Every structure is written in C-alpha cells, then in structure tokens.
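As a plain string of letters, each chain reads:
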Amino acid sequence: MVQTMQTPVQVQQDKKHPQWAFLEGKFVPIEDAKISIMSQVVNYGIGAFGGLRGYWNEDKQQIYVFRIQDHLRRMLNSLKLFANTISFSTDDLQKIILDLLRREGYHEDVYIRPLVYNATEDITPRLYDVEFRFACFTRPLGNYISLDVRACTSSWRRIEDNVLPSRGKITGGYINSAFAKSEAHWNGYDEAIVLNQDGHVAEGSAMNLFIVRHGKLITPPVSDNILEGITRGSVLQLAHDLGVETVERSIDRTELYVADEVLFCGTGAQVAAVTEIDHRKVGTGKMGPVGQKLQDAYFSIVRGKNAKYADWLTPVYS
Ligand SMILES: Cc1ncc(COP(=O)(O)O)c(C=O)c1O
C-alpha cells in the first residue's frame, strides 16, 4: 500500500507543473520519472492508459475529478485485454491520483494521465512472463481542441478489433490517432473524422462523435471500433435526462454532410461542435440547439454546479 497525503499542500502560484509523478510504487520528482529504453512499452507500445480531467471550482476552491472510478476501471479493462494485472485496485489508484494532485497544489483545470506499461526488458514482444507497472503524472490543461471544430474525413482507417482493439486505450494504438490528427492538421483542418474498416464513421482522433438528425442524437455503437468513451456514456445519459432521444447505430460518412448537428465529445474535447466537414457547413455552421444543451449541462456538471450528478465527481481537497 502506498502512503497518501490527507491535507492539501499550500499552493505556490509561480511553480511549474508537474513537479511530481508516481513510478515504481512511489512518488518521485517529475525529472526522475524515467522508463528504460529496453522496456517493451518503449519498443512496442505495449501499455494502456487513461486520460481524466479535474475541473477547478473557484467558489468552492475545489478541483472535481470527473468519473475517476469509471476511467480507472476502463484502464484496468485495457490491461485485461493483455491478460495481465497490476497489484493496485481502482481505489488504490484513486488515492495515488488524488495525492499527486494535492502535491502539485493546483488551483486550475488539470489533466491526469495514468499508465500501465509493460516494463519487461526483452526483445520478444509478448504478454506472457512480463511485468506490468503503474505510473501517473498530472498537468494543467485548458481546452484540448477548440469548442468549434473544422474537420475532414481521414484517409486513415480506424484500427480494427481483431488487429488492435479500439475499445482499449492501448498505447501503440495511438499511432493511428497520430496519423489521422496529423493529416488533418497538415491539410489545414482542426480534427479528423476516422472511418472504420467497413467505411462507417468511427470517431475523431481522440474523441467520440455524435450527429443530430430529425431531433435524435445518434452515435456509433461500441461494436464499430470506437473507444468506449466515458464522456460518450455521460452525454448519452444527459441526453436521456434532458428528454432527447438517443440512438446507437452505425453512421454513414455522407450522413455527416446532411446532419443538423455534429458533436465531438471526450475528456480532452469536452463537448464541442463540429461546424464544417470536408468543406461542407454542418447545419447552420454554428453550435446547434441540442449540442448547446448538452455542452451547457456538461460544463455545469463537471465544475460541480449540478448536485444531481455529484456522484460523477470526486473532490481533491478535503
Ligand atoms: C480514440 C479516443 N476516442 C474517444 C475518446 C474519448 O473518451 P473519454 O470520453 O473516455 O475521454 C478518447 C479519449 O479521450 C480517445 O482517445
């Protein structure tokens, strides 16, 4: 068991973040958080990670981490795909994350990056007779992408379940995201929309996708080679609570062009409007009414301003 800190560290406004990481069972200064170049994660990308946000609430002088247990469960499920485990439970990991955040003493929005990685130093890429370890760092983070996005359909296809499972947040799988994102960037767009092997819409480079048609909120099913996004699940729940009908079904590429609204959602992306796709204006070219409702609800919830969803939030400071 790791020792965790119960009291907030006094914040120094001028200090550079991050200062701390968790590696090999202990908290270490960030400059000492190094992994061997002989490890399988460095050479083959054999690892899985999580990406969480903590939102600062000025009135309450508090950071709320969004759906921490769900994110940690998904990370351990990714490890399950590797037929491996680590010695920490999701409760242990939660304690380490909260402790890291307190050590930094953040008074701003933050991002949390937990990682489980194959630390074994051997040249045969494999999942047996190897050791997975846990590491984590945090950093300040504002908007990851604009909340008003110009996107293109990528020429890269989404990784397929029987090649490299998309439902896992697998380190090496993000080469696919890097190809798609970079192509979009080099062609003058903000983001990519990636199709799966059968030509249906999967998601963005690191965010799930929704369209609105005839008042219904539609998103690809989890069997269409998407990441099973925590924000996606939250948006589906919110839409339901707000009386918007939701449908999980495959989406054709050309439906993007005739949709009334297209949204990206994810921990990084938050809830953003895709206002242009492949040189076609989406709807009115602005955030539409369904997206606006969902975005407003999302931001109010994550900042701890909607008591109904308080169980999605974990406060950092006591
Ligand atoms: C490929 C991909 N899809 C979707 C998402 C959204 O998932 P979540 O809402 O759990 O952050 C992410 C992560 O941000 C991602 O990397």
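See the structure above.
What counts, and at which threshold
- Residues numbered from 1 in each chain as written.
- Predicted model: local features only at pLDDT ≥ 70, side-chain atom pairs only at ≥ 80, totals over all residues.
- Heavy atoms only, no water.
- Helix = DSSP H or I, 4+ residues; strand = E, 2+ residues; numbered from the N terminus.
- Rg over C-alpha atoms; globule rule 2.2 N^0.38 Å.
- Buried < 20%, exposed > 50% of the residue type's maximum accessible area, 1.4 Å probe, protein only.
- Contact = heavy atoms within 4.5 Å.
- Areas by Shrake-Rupley, 256 points an atom, 1.4 Å probe, with all protein chains shown as cover.
- Core = buried A, V, L, I, M, F, W, Y, C linked by side-chain atoms within 4.5 Å.
- Near = heavy atom within 4 Å.
- Polar contact = N/O pair within 3.5 Å; in protein donor to acceptor, adjacent residues only side chain to side chain.
- Nonpolar A, V, L, I, M, F, W, Y, C, P; charged D, E, K, R; others polar.
- Phe/Tyr/Trp six-rings, centres within 6.5 Å; stacked < 30°, edge-to-face > 60°.
- Lys NZ or Arg CZ within 6 Å of the ring centre and 35° of its normal.
- Expected span 1.5 Å × (residues − 1).

### Quick word on the overall build of the protein chain
- Secondary structure summary: the protein chain contains 7 helices and 17 strands in total.
- In terms of overall dimensions, the protein chain is globule-like: its C-alpha atoms have a radius of gyration of 20 Å, near the 20 Å expected for 318 residues.
- Oriented by its inertia axes, the alpha-carbon framework of the protein chain measures out at about 55 × 50 × 30 Å.
- When each of the 318 residues of the protein chain is scored for burial, the buried share is 54%.
- For the protein chain, restricting intrachain contacts to residue pairs at least 6 apart in sequence, the fraction spanning at least 24 positions comes to 71%.
- Summing over all exposed atoms, the protein chain offers an accessible surface of approximately 14500 Å²; the carbon and sulfur share of this is 51%.

### Comments concerning the nonpolar core
- The biggest cluster of nonpolar side chains holds 32 residues, and the ones touching the most others in it are F22, V65, I86, L93, L101 and F134.
- A per-element tally of this core places helix α3 (residues 90-104) first, with 6 residues.
- One finds L238, V290, L294 and V302 within the second-largest nonpolar core, a separate group that totals 23 residues.

### Observations regarding the site of the ligand
- The ligand sits among 16 residues. The nearest are R74, Y174, E203, T231 and T267.
- At a separation of 2.7 Å, an oxygen atom of the ligand approaches a polar backbone atom of I230.
- Within the side chain of T231, one N or O atom sits 2.5 Å away from an oxygen atom of the ligand.
- Coverage of the ligand by the protein amounts to 97% of the 380 Å² it exposes when considered alone.
- When contributions to the shell around the ligand are tallied by element, the ones reaching two or more residues are α2 (68-81) and α5 (230-241).
- Here the residues of the shell around the ligand are counted per class, giving 5 nonpolar, 7 polar and 4 charged.

### Re the packing of aromatic side chains
- Inspection of every chain in the model, using the stated rule, returns 12 aromatic pairs.
- An angle of 70° between the planes, with centres 5.4 Å apart, marks the rings of Y298 and F299 as edge-to-face.
- Put simply, the rings of Y55, F66, Y298, F299, Y309 and W312 touch in pairs and so form one group of aromatic residues.
- We note R103 situated over the ring of F27; from NZ or CZ to the ring centre the distance is 4.2 Å.
- The ring of Y257 is capped by R280, whose NZ or CZ atom sits 4.0 Å from the centre of that ring.

### A short note on α5
- Over its 12 residues, α5 runs 17 Å from end to end, which matches the ideal 16 Å to within 8%, given 1.5 Å per residue.
- In the segment just after α5, G243 is the residue with positive phi, at about 80°.

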